[in-house]
Structure formats: C-alpha cells, structure tokens
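# Analysis of the macromolecular model
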Amino acid sequence: MNTYTVKAFGTEAADADLKELKIERREITPTDVEIEILYCGVCHSDLHTARNDWGGTKYPSVPGHEIVGKVTRVGAEVSKFKAGDLAAVGCLVDSCRTCDSCKQDLEQYCLNGFTGTYNGKDKHLGIHTFGGYSEKVVVNEHFVLKVPENLDLAAVAPLLCAGITTWSPLRHWKVGPNSKVAVIGLGGLGHMAIKLAKGLGAEVTLFSRTPGKTEDAKALGADHVVISIDEAQMQSVKGKFDLIIDTVPYVHDVNPYVSTLNINGTLVLVGYLGGLEPILNSVPMIMGRKSVAGSVIGGIAETQELLDFCGEKGIVSEIEMIKMQDINAAYVRMLKSDVRYRFVIDMASLKN
C-alpha cells in the first residue's frame, strides 16, 4: 500500500522525551477520510503509553486520541464526509465490525479487539497505529465523527475521550431529570461527568477530599459537594445516589461510597484499572442490591450522540491550550494534577 510522510511528535523509548518525528500515513482507500488535525487533547493514557506504564507500548509511540480537524480528502465510496467538513476521531479507528458487540454499536467492547488510535495494530500497513500528535490522520469513515459547528473546536477535543468515558455510563444507567448522580474526583473526567449529568437534568453531587474544590464544582454545575473524609457529611448522604461515577485514577477505598448508593444503585469505575484495596465489602451490596461496575469509552454511535448533545446544550471541556513543543512539560504538570482540566495541543504549532 502506498504511504506518505507527515510530521508528528512522539517518543522512541519509555525514558525518552517526546520529540518531532516523521511517520507514515496510508494513502486513502475508497472508504477512508483524511483529516488535517487542528487540535488534539492530552489524556493520561497518552502519558502512560509513552512511558510504557501499562506495558506493551510499541515504539516509536505517537499518542493522541482526542482529535478534531478538517477533512482534506475522501475516498470514492465515502458518503458521510466531504473536503472542508469538520471531523473528529476518538480512541478507536477500527474493529472487526462482525462480532455481537460491534453489531450492537459497542465497538469499544469488540470481542476480537478494537484497533486503538495509537499503539493498535494497523490492519492496512502491518505496523502499529500512530495517534493525533501529528499533522494528519487517515481513518475509515465509519470511525470518523461529525463535529457541531457551534462549539469551540479546541474544547471539543477532550469530549472524544474524557467526555465519552463519562457519557457512556450516564446513558447506560439511564440518567435523567429524576436521577441523583455523584461524581468522585474533580479532574479531566470528573468535570465532564458533572457537566454532562447536569445537562441530562440530574441532581449532581461531587465527592471531594478537599473543600477548596467546592466553588469550582458548583460553577461547573454541581448542586452539592460532600467532603469524603468528613464522616458526618458522608453519613448525611447514605443511601442517596442512583449512580456514582468514580473517576479516581489510582487505587483507593470504594467501600465508603457504596453505602451512599440507594437500593439498586451502581458505582461505576471509569478512572482506575487494577485490584481494589482495601478489599470490596459485599455486605452493603447484598443488603441493598447495589453494584460496583466498570465502563470504558463508548461506541461510535454513542460518541456521535454525545457530540450532538453537547452541540445542543453548548457543553465543552475546560481546557488549557499548549504548543506541541510543550508536551513534555505538560506531562509533568499532568502528573501533579496541575491543569484545569484538560490540556489541548494547538497543532498549528507543529508546522513551525
């Protein structure tokens, strides 16, 4: 297959900084869309992959799966997009499209394994995929999303990961105007969970360990803030919530939060991968038919639904814009939670 070369930013080793690289993109096939990348959000997954924190990173690694741009070319069989259209790409660029999950528009749970936007297996070129820290990307039109034109394009980018990661459980557990939703943690995921739950009409509470986040949480749409290390405050919300979205990205004790679920309530983990410590106590779960569940991103149809909803409600992420050349410093700051609440790269800086 023919390819062409584009500029990108990536790393060649787990202990090396990201720097400018050259990568190959495939020439468009009849069903492909070529996108000039205007903005790319920065996700914790980018950092973990670049540094091989999860193992299995293929180098050179070019992260980035919160991509917003403009269509520059389309294949002969493409029907949904034309040159000049705004377009977006999230965490997926392919799946088998034949398994039970894919047939239900749940490509994120593809039984044969989805192809990630980066560090996945490129079926066309036989190498691994490269992400959005680059000038252009070529993606099958099925995995390309339409972007509402009324939104700030840079602030749309984090919707492709942080947004859909919190939207999917809100929709799966049928959150609406009569729902009581709590969010654990106020970061990239947490701030989107608050905005989206409020947009759906729910009564929204933030669980936080620090009172200093109260004002910000309420400005984002939270109705209440509960300080999770205050036993009296925790007792005051016992048995209250229909759904708790837990965005904390490290091991932590979920047991105190389970008791705040109502009968049939669910706590869904969206931020942490791994074993729970201390061990999960099943007593309050059994005595109240309560659940602890997990969720990851969303399928293409659900992600498009999210973007359309955000267009209708005027919802975008809170962002700090950076240049591509500042990515290594941004990673350091991200580890310190020194961002409100998501970095977004102005990809025009890559042309400099």
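Residues numbered from 1 in each chain as written. Predicted model: local features only at pLDDT ≥ 70, side-chain atom pairs only at ≥ 80, totals over all residues. Heavy atoms only, no water.

### Describing a nonpolar patch on the surface
- Nonpolar side chains collect at one region of the surface, where Val-283, Ile-286 and Met-287 lie side by side and expose about 360 Å² of accessible area between them.
- In this fold, Ile-286 is placed in helix α9 (residues 283-288). (Patch = residues over 30% accessible without salt bridge, like charges linked within 9 Å, V, L, I, M, F, W, Y side chains within 5 Å. Areas by Shrake-Rupley, 256 points an atom, 1.4 Å probe, with all protein chains shown as cover. Salt bridge = Lys/Arg side-chain N within 4 Å of Asp/Glu carboxyl O. Helix = DSSP H or I, 4+ residues; strand = E, 2+ residues; numbered from the N terminus.)

### Here's the deal with the packing of helix α4 (residues 162-172) against helix α5 (residues 188-199)
- Orientation of α4 relative to α5, taken along the N-to-C sense of each, is 50 degrees, at an axis distance of 8 Å. It follows that α4 is oblique to α5 by the angle criterion. The chirality of how α4 crosses α5 is right-handed. Contacts between α4 and α5 involve Ala-162, Gly-163, Thr-165, Thr-166, Trp-167 and Leu-170 from the former and Gly-188, Leu-189, Met-192, Ala-193, Leu-196 and Ala-197 from the latter.
- Grouping the constituent residues of the contact of α4 with α5 by class yields eight nonpolar, four polar and no charged. (Axes fitted to C-alpha atoms, helices over the stretch in contact; angles between N-to-C directions. Parallel < 35°, antiparallel > 145°, perpendicular 65-115°, else oblique. Left-handed = near helix turned anticlockwise from the far one by under 90°. Contact = heavy atoms within 4.5 Å. Nonpolar A, V, L, I, M, F, W, Y, C, P; charged D, E, K, R; others polar.)

### A few points about the environment of Gly-56
- Topologically, Gly-56 is positioned in the loop between α1 (44-50) and β4 (67-74).
- On the basis of relative accessibility, which here comes to 53%, the residue Gly-56 falls in the exposed class.
- For the pair Gly-56 and Leu-86, spaced 30 residues apart in the sequence, the C-alpha separation amounts to 33 Å. (Buried < 20%, exposed > 50% of the residue type's maximum accessible area, 1.4 Å probe, protein only.)

### Focus: the sheet that holds strand β10 (residues 180-184)
- Spatially, the six strands line up as an open sheet ordered β12-β11-β10-β13-β14-β15, and their pairing is parallel. The sheet terminates laterally at β12 (224-227) and β15 (291-294), the two strands that pair on one side only. Across this sheet, the average inter-strand angle for adjacent strands is 20 degrees, counted without regard to direction.
- Bridging between strand β11 (residues 203-208) and β12 involves four bridges; their strand directions are parallel. Along β12, the bridge assignment pairs Thr-205 with His-224.
- Sitting on the sheet, α4 touches β10, β13 (241-246) and β14 (261-269), and the angle it makes with β13 is about 160 degrees. (Pairing = 2+ DSSP bridges.)

### Describing helix α11 (residues 327-335)
- By the burial criterion, the buried members of α11 are Ile-327, Asn-328, Ala-330, Tyr-331 and Met-334. End-on, the buried residues of α11 take up no more than an arc of 160 degrees, which puts them together on one face.
- Structurally, α11 contributes buried residues whose contacts are with β1 (3-10), α1, β16 (319-323) and β17 (342-346).
- Within two residues after α11, Ser-337 carries a phi angle of roughly 60 degrees, on the positive side. (Arc of directions from axis to C-beta.)

### So, the packing of aromatic side chains
- This structure, assessed with the given rule, holds three aromatic pairs.
- Look at Phe-207 and Phe-241: their rings are 5.6 Å apart centre to centre, the planes differ by 80 degrees, and that puts the pair in the edge-to-face class. One end of the pair, Phe-207, is in strand β11; the other, Phe-241, is in strand β13, with 34 residues separating them in the sequence.
- For Phe-207, a relative accessible area of 1% gives the class buried.
- Relative to Tyr-257, the ring of Phe-207 has its centre 5.1 Å away and its plane inclined at 65 degrees; by these criteria the two rings are edge-to-face. You can see Phe-207 sitting in strand β11 and its partner Tyr-257 sitting in helix α8 (residues 255-258), a full 50 residues away along the chain. There is no split in this pair, since Phe-207 and Tyr-257 are both buried.
- Clustering of aromatic rings is evident, with ring pairs tying together Phe-207, Phe-241 and Tyr-257.
- Its end group placed over the ring of Phe-81, Lys-146 keeps NZ or CZ at 4.4 Å from the ring centre. (Phe/Tyr/Trp six-rings, centres within 6.5 Å; stacked < 30°, edge-to-face > 60°. Lys NZ or Arg CZ within 6 Å of the ring centre and 35° of its normal.)

### Some thoughts on the nonpolar core
- Of all hydrophobic cores here, the largest spans 94 residues; its most connected members are Tyr-133 and Ile-327.
- A per-element tally of this core places α5 first, with six residues. (Core = buried A, V, L, I, M, F, W, Y, C linked by side-chain atoms within 4.5 Å.)

### Points about the pairing of strand β3 (residues 32-41)
- Within β3, seven of the ten residues are buried, leaving the element largely enclosed by the surrounding structure.
- Two strands pair when backbone bridges link them, and β3 and strand β8 (residues 136-140) are joined in this way by five bridges, in the antiparallel orientation. Among the inter-strand pairings, Glu-36 is bridged to a residue of β8, identified as Lys-136.
- Relative to β17, β3 runs antiparallel, the two sharing three bridges. Its bridge partner being in β17, Gly-41 is matched across the sheet by Val-344.

Keep in mind that these numbers describe shape and distance, not what the molecule does.
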